[in-house]
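One letter stands for each residue in the lines below.
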Amino acid sequence: MAARDVDTEIAELSETLTGIEKVLEPDKLAERIADLEEQAAAPDLWDDVDKAQQVTSQLSHAQSELRKVTELRRRVDDLPVMVELGRDEGDADALAEVEREIDDLRKLVADLEIRTLLSGEYDEREAVVTIRAGAGGVDAADFAEMLMRMYLRWAERHGYKTEVLDTSYAEEAGIKSATFEVKAPFAYGTLSVEAGTHRLVRISPFDNQGRRQTSFAAVEVIPLIEQTDHIEVPESDIRIDVFRSSGPGGQSVNTTDSAVRITHLPTGIVVSMQNEKSQIQNRAAALRVLQSRLLLLRREEEQAQKKEMAGDVKASWGDQMRSYVLHPYQMVKDLRTEHEVGNPSAVLDGEIDEFLEAGIRWRKREQGNGDQA
């Protein structure tokens, strides 16, 4: 086995990290942390709970990001010293330790590099995720609930807060649809690559003949609206209906007439909320999600105009973007990136970081190809 050229590897690692630092700008990040710390120290901070949670979340994320980049820089800069000492003393164990450190740092730098690819207009926003059962009957409803759990488990693994806004349960099992927020910086940029149609192939637990069933579920990801977005929704443009909330499996236990459905008449967009206790809270939550969808619609219209001016560019997302096969073999495969994993159980338990990273890199390449067209 040929000896590794650790000097070249260290130089390449340092160069990659320098590129990351140019994007993340640690000095400006430190200034932002100081500003957020000042806001967090304000005596009236918690008079507005939503704003207080936003400030403390942004502060925690910024501090974590600065720690990552400064710690990586320190470790990378220590490598040449470690190599020199190992060579001077003829210490093979020390040089082997350097190689292990390089391998470890390469993975950490690659993970941080993903963050620099999230440069879209709304990428740093929190996310609103909606999952809807598609073709496949009760299996599709069950699959939709499996996907919901997958994303909630992913958020839990990363320490991200989530809030389920609306759940429409299916009659036999699973859900017809669900909407939830992922409250973390860059949640939208990260999870937006999950938008599309997901397919499940398995022996149906709902088929008494044990036949294989293919079912589908759709995932929608939109950026959470912010007060600065100025998405006006005139009262004359919406119809508000109040209905009785539903429990799992069609139950009507502990239900009230507090669920709210808002229909945006010009676009036909419908948003329903039923997880809050009061009608007022459900109405506010539904209006917030409606505004988020209108914000994304406005962005898509602007992008469509740009594509029309630039000429015909192939669609970047197909109807089906990922397959989860549980029978006759075990495999989860992303049809855009070709990334695949042979452990569906782990994926459905929230281990989707590899798919997210592959999707983000794929999207960046596709955007680059589109710009060149």
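Computed from a prediction, not measured in an experiment: that's the story for all the values here.

Novice: Explain the nonpolar core here, please?
Specialist: One recurring pattern in soluble globular proteins is that nonpolar side chains are buried together. Among the nonpolar cores identified, the biggest contains 59 residues, and I131, L147, Y151, L191 and Y324 are the most heavily contacted of them. Sequence-distant contacts of L147, that is, excluding residues within four places in its chain, are made with I131, H198, A217, V219 and Y324.

Novice: So what exactly am I meant to see when it comes to the packing of aromatic side chains here?
Specialist: Aromatic rings in a pair are described by how distant their centres are and how their planes are angled relative to each other. Under the counting rule described, the total for this entry stands at two aromatic pairs. Between F143 and Y324, the aromatic rings sit 5.5 Å apart at their centres with planes inclined by 70°, giving edge-to-face as the arrangement. Here Y324 lies in strand β9 (residues 320–325) and F143 lies in helix α5 (residues 137–157), a separation of 181 residues in the sequence. The exposure class of F143 is buried, given its relative accessible area of 0%. When the centroid spacing of 5.5 Å and the interplanar angle of 70° are considered together, the rings of W154 and Y160 count as edge-to-face. On the basis of relative accessible area, W154 is assigned to the buried category, the value being 3%. Seen from the ring of W362, R336 lies directly overhead, with NZ or CZ sitting 5.5 Å from the centre.

Novice: Help me understand the pattern of salt bridges in this model?
Specialist: Where charged atoms from two side chains of opposite charge approach closely, those side chains can pair. Per the stated rule, a full pass over the model turns up 35 salt bridges. The closest approach of N and O atoms between D103 and R4, which form a salt bridge, is 3.0 Å. Placement of the pair is D103 in helix α4 (residues 92–116) and R4 in the segment before α1 (6–24), with a sequence separation of 99 residues. Overall, D103 belongs to the partly exposed group, its relative accessible area being 38%. R4 gets classed as partly exposed once you look at its relative accessible area, which sits at 27%.

Novice: Help me understand the confidence of the model for the chain in this model?
Specialist: It should be kept in mind that the predicted coordinates are not to be read in detail where pLDDT is low. Confidence in the prediction of the chain, expressed as mean pLDDT, is 86, and 89% of residues score 70 or more. Across residues 309–318, where pLDDT falls below 50, the model places eight contacts with residues more than four positions away in sequence or in other chains.

The rules behind the values
Residues numbered from 1 in each chain as written. Predicted model: local features only at pLDDT ≥ 70, side-chain atom pairs only at ≥ 80, totals over all residues. Heavy atoms only, no water. Core = buried A, V, L, I, M, F, W, Y, C linked by side-chain atoms within 4.5 Å. Buried < 20%, exposed > 50% of the residue type's maximum accessible area, 1.4 Å probe, protein only. Contact = heavy atoms within 4.5 Å. Phe/Tyr/Trp six-rings, centres within 6.5 Å; stacked < 30°, edge-to-face > 60°. Helix = DSSP H or I, 4+ residues; strand = E, 2+ residues; numbered from the N terminus. Lys NZ or Arg CZ within 6 Å of the ring centre and 35° of its normal. Salt bridge = Lys/Arg side-chain N within 4 Å of Asp/Glu carboxyl O. pLDDT = per-residue confidence, 0-100.

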